[in-house]
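# Architecture at a glance
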Amino acid sequence: MSLELKIEAAAAALELVEEGMRLGIGTGSTADEFTKLLGAKVANGFKITGVPTSERTRELCESFSIPLATLEEMPELDLVVDGADEVDHQFQLIKGGGGALLREKIVANASEKMAVIADDSKLVDTLGVFPLPIEVNPFGLKATWNAIEKCISELGLEAPLALRGGGSPFVTDGGHYIIDASFGHISDASALSDSLLNIPGVVEHGLFLGYADVVFLAGEAGVRRL
Ligand code: 5RP
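Residues numbered from 1 in each chain as written. Predicted model: local features only at pLDDT ≥ 70, side-chain atom pairs only at ≥ 80, totals over all residues. Heavy atoms only, no water.

### With respect to the sheet that holds strand 4 (residues 86-87)
Reading across the sheet, the three strands line up as 4-5-11 and stay open at both edges, with antiparallel pairing between neighbours. Across the chains shown, the open sheet's two edge strands, defined by having one partner strand only, are strand 4 and strand 11 (207-208). (Pairing = 2+ DSSP bridges. Helix = DSSP H or I, 4+ residues; strand = E, 2+ residues; numbered from the N terminus.)

### Thoughts on the packing of helix 2 (residues 29-43) against helix 3 (residues 55-63)
Following both chains from N to C, one finds helix 2 and helix 3 inclined at 25°, their axes separated by 10 Å at the closest point. When the axis of helix 2 is compared with that of helix 3, the two are roughly parallel. Here helix 2 and helix 3 pass one another in a crossing that is right-handed. Where helix 2 abuts helix 3, its residues Ser 29, Asp 32 and Thr 35 lie against Arg 56, Thr 57, Leu 60 and Cys 61. For the contact of helix 2 with helix 3, the class distribution of residues is two nonpolar, three polar and two charged. (Axes fitted to C-alpha atoms, helices over the stretch in contact; angles between N-to-C directions. Parallel < 35°, antiparallel > 145°, perpendicular 65-115°, else oblique. Left-handed = near helix turned anticlockwise from the far one by under 90°. Contact = heavy atoms within 4.5 Å. Nonpolar A, V, L, I, M, F, W, Y, C, P; charged D, E, K, R; others polar.)

### Some points on the pattern of salt bridges
Pairing of side chains with opposite charge becomes possible as their charged atoms draw close. Counted according to the given criterion, the structure contains twelve salt bridges. Its salt-bridge partner being Arg 58, residue Glu 55 comes within 2.6 Å of it at the nearest N-O pair. Here Arg 58 and Glu 55 lie together in helix 3, a separation of three residues that amounts to about one turn. When its relative accessible area of 28% is taken as the criterion, Glu 55 is described as partly exposed. Overall, the relative accessible area of 27% leaves Arg 58 in the partly exposed class. Salt bridges linked by common partners bring Glu 55, Arg 58, Glu 62, Arg 103 and Asp 173 together as one network. (Salt bridge = Lys/Arg side-chain N within 4 Å of Asp/Glu carboxyl O. Buried < 20%, exposed > 50% of the residue type's maximum accessible area, 1.4 Å probe, protein only.)

### Some words on the domain arrangement of the protein
Domain boundaries assigned for the protein yield domain 1 (3-121 + 210-225) and domain 2 (132-200). If you look at the interface, domain 1 gives twelve residues, while domain 2 gives eleven residues. Overall, the association of domain 1 and domain 2 removes approximately 800 Å² of surface from exposure, summing both partners, and the carbon and sulfur fraction of that is 58%. Among the residues domain 1 hides against domain 2, the three largest losses belong to Ile 94, Gly 99 and Leu 101. Together they make up 44% of the total. A salt bridge links Asp 173 to Arg 103; its shortest N-O distance comes to 4.0 Å. Across the domain 1-domain 2 interface, the total number found is four residue pairs in polar contact (both at pLDDT 80 or more). (Domains from an automatic or database assignment. Buried area = accessible area lost by both parts, 1.4 Å probe. Polar contact = N/O pair within 3.5 Å; in protein donor to acceptor, adjacent residues only side chain to side chain.)

This is the structure:
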């Protein structure tokens, strides 16, 4: 995805942001472009309060002096703007390529609306080509890994698993690990979501079902609002 497309999608979503809003601010390279544009607006006197979805985004926001609150201080938000790794035609998403899925989902759930910004290569008929991030507690990793494999096989699916970071595991802002599951094709995202969340060591996964309200897809012909 070219930088220009990320900026175009971000600029389109910025038009949804109204003065005084309580705004969730997403994570990833597309969300970073949104944060930069927002920072320029704030520097011109535009007033919002942001809740970042990761430590990385918090640092970026601080570098632009965007006023921030924690979700503790501001537990209800008007809008969150965030990227995605895949979007299907029902607005189901895979997120978590940047490892921030847990906070992203908590913030999305606390937000009245979610706007997704992406380029049109992220629009898919069926989710699953992008490996599904599954955030797990490091305690009992092997047992959780086995339980995930069992759950996948009981659903009649196949998905090789990979610990993100391998021998030096990637650690999320919440102190967890991520297992990436390569399904190739997820026909029933809702069933998979429920089954994964039934596993005690699974903290969260990157299927965002029923969160996105509007999707801005940037392509060669401009930005489409879905
Ligand atoms: C981070 C995410 C990102 O929104 C997703 O990975 C898309 O990132 P990018 O805009 O860099 O393609 O879910 O956890």
